Amino acid sequence: LPLSGVLLAVLLFTVTLATIRFLGPRNATDAWRIGAVWLAVTLTFELVLGHFVRGQTLEQLISAFDPANGNLWTLVLLTTLIAPFLAGKTRRLF
């Protein structure tokens with residue numbers, strides 16, 4: 001459901017905005033690193049869970065990244081990457 005992807009992205013950004021001071025990026029590079037680690041952990045979790053627990057094929061897993069199918073998981077992943085940077089800028093941390 002496309003709405004769920006949008007809601008998750010908004011929730012992710014909201015939580016990041018509320019906790020960015022706790023995360024403590026000193027500069028924009030730190031914020032991008034936090035986002036990159038979050039993205040790597042999320043992708044690893046999704047792919048490992050999907051393959052080894054759910055028994056999905058690589059094609060099935062990759063289909064979740066195709067917005068043409070109405071899936072907005074790519075929006076969530078992009079938000080995961082950029083949220084720490086945008087939250088830090090919004091809170092004027094750097």
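In what follows, the accompanying structure is described. Note that this is a predicted model, so its numbers are computed, not measured. (Residues numbered from 1 in each chain as written. Predicted model: local features only at pLDDT ≥ 70, side-chain atom pairs only at ≥ 80, totals over all residues. Heavy atoms only, no water.)

**Things to note about the overall build of the chain**
Okay, so step 1: Counting its regular elements, the chain contains four helices and zero strands.
Okay, so step 2: Considered along the principal axes of its C-alpha atoms, the chain spans approximately 40 × 25 × 15 Å.
Okay, so step 3: Relative to its 94 residues, the chain shows a buried fraction of 24%.
Okay, so step 4: The contacts of the chain with a sequence gap of at least 6 include a subset with a gap of at least 24, amounting to 76%.
Okay, so step 5: Distance from the positive charge centre (7 side chains) to the negative charge centre (4 side chains) of the chain: 22 Å. (Helix = DSSP H or I, 4+ residues; strand = E, 2+ residues; numbered from the N terminus. Buried < 20%, exposed > 50% of the residue type's maximum accessible area, 1.4 Å probe, protein only. Contact = heavy atoms within 4.5 Å. Lys, Arg positive; Asp, Glu negative; His and termini not counted. Charge placed at Lys NZ, Arg CZ, Asp CG, Glu CD.)

**Here we look at the pattern of salt bridges**
Okay, so step 1: Inspection of every chain in the model, using the stated rule, returns two salt bridges.
Okay, so step 2: Asp 30 is the salt-bridge partner of Arg 26, the closest N and O atoms lying 3.2 Å from each other.
Okay, so step 3: When its relative accessible area of 67% is taken as the criterion, Arg 26 is described as exposed.
Okay, so step 4: For Arg 33, the salt bridge goes to Asp 30, with nearest N and O atoms at 3.8 Å. Of this pair, Arg 33 and Asp 30 both sit in helix α2 (residues 28–53), three residues apart, which is roughly one turn of that helix.
Okay, so step 5: Taking relative accessible area as the criterion, Asp 30 reaches 13% and is therefore assigned buried. (Salt bridge = Lys/Arg side-chain N within 4 Å of Asp/Glu carboxyl O.)

**Describing helix α1 (residues 2–23)**
Okay, so step 1: Here α1 contains 22 residues, and its C-alpha end-to-end distance of 29 Å stays within 8% of the 32 Å for a straight helix at 1.5 Å per residue.
Okay, so step 2: By the largest-angle criterion, Leu 17 marks the main kink of α1, which is about 40°.
Okay, so step 3: For α1, the complete set of buried residues consists of Gly 5, Ala 9, Thr 16, Leu 17 and Ile 20.
Okay, so step 4: Considering only its buried residues, α1 is in contact with α2 and α4 (73–90).
Okay, so step 5: Positive phi shows up at Gly 24, right after α1, with a value of about 70°. (Expected span 1.5 Å × (residues − 1). Bend = angle between axes of the 7 residues up to and from the residue.)

**Quick notes on the packing of aromatic side chains**
Okay, so step 1: According to the stated counting rule, one finds two aromatic pairs in the structure shown.
Okay, so step 2: Every member of this aromatic cluster is reached through a ring pair, and the members are Trp 32, Phe 85 and Phe 94. (Phe/Tyr/Trp six-rings, centres within 6.5 Å; stacked < 30°, edge-to-face > 60°.)

**With respect to the layout of surface pockets**
Okay, so step 1: By volume, the largest pocket is sized at about 260 Å³.
Okay, so step 2: Along the walls of the largest pocket sit 19 residues, with Glu 46, Arg 54, Ala 64, Asn 71 and Trp 73 positioned nearest its centre.
Okay, so step 3: Secondary structure elements with two or more residues in the lining of the largest pocket: α1, α2, α3 (58–63) and α4.
Okay, so step 4: Residue contributions to the lining of the largest pocket peak at four residues, all from α2.
Okay, so step 5: Residues that form the lining of the largest pocket fall into these classes: 10 nonpolar, seven polar and two charged. (1 Å grid on protein atoms, 1.4 Å probe; cavity = no way out; pocket = protein on both sides within 12 Å on 5 of 7 lines; lining within 4 Å. Points joined across faces, edges and corners; volume = space filled by probe spheres on them. Nonpolar A, V, L, I, M, F, W, Y, C, P; charged D, E, K, R; others polar.)

Geometric values such as these leave the question of function open.
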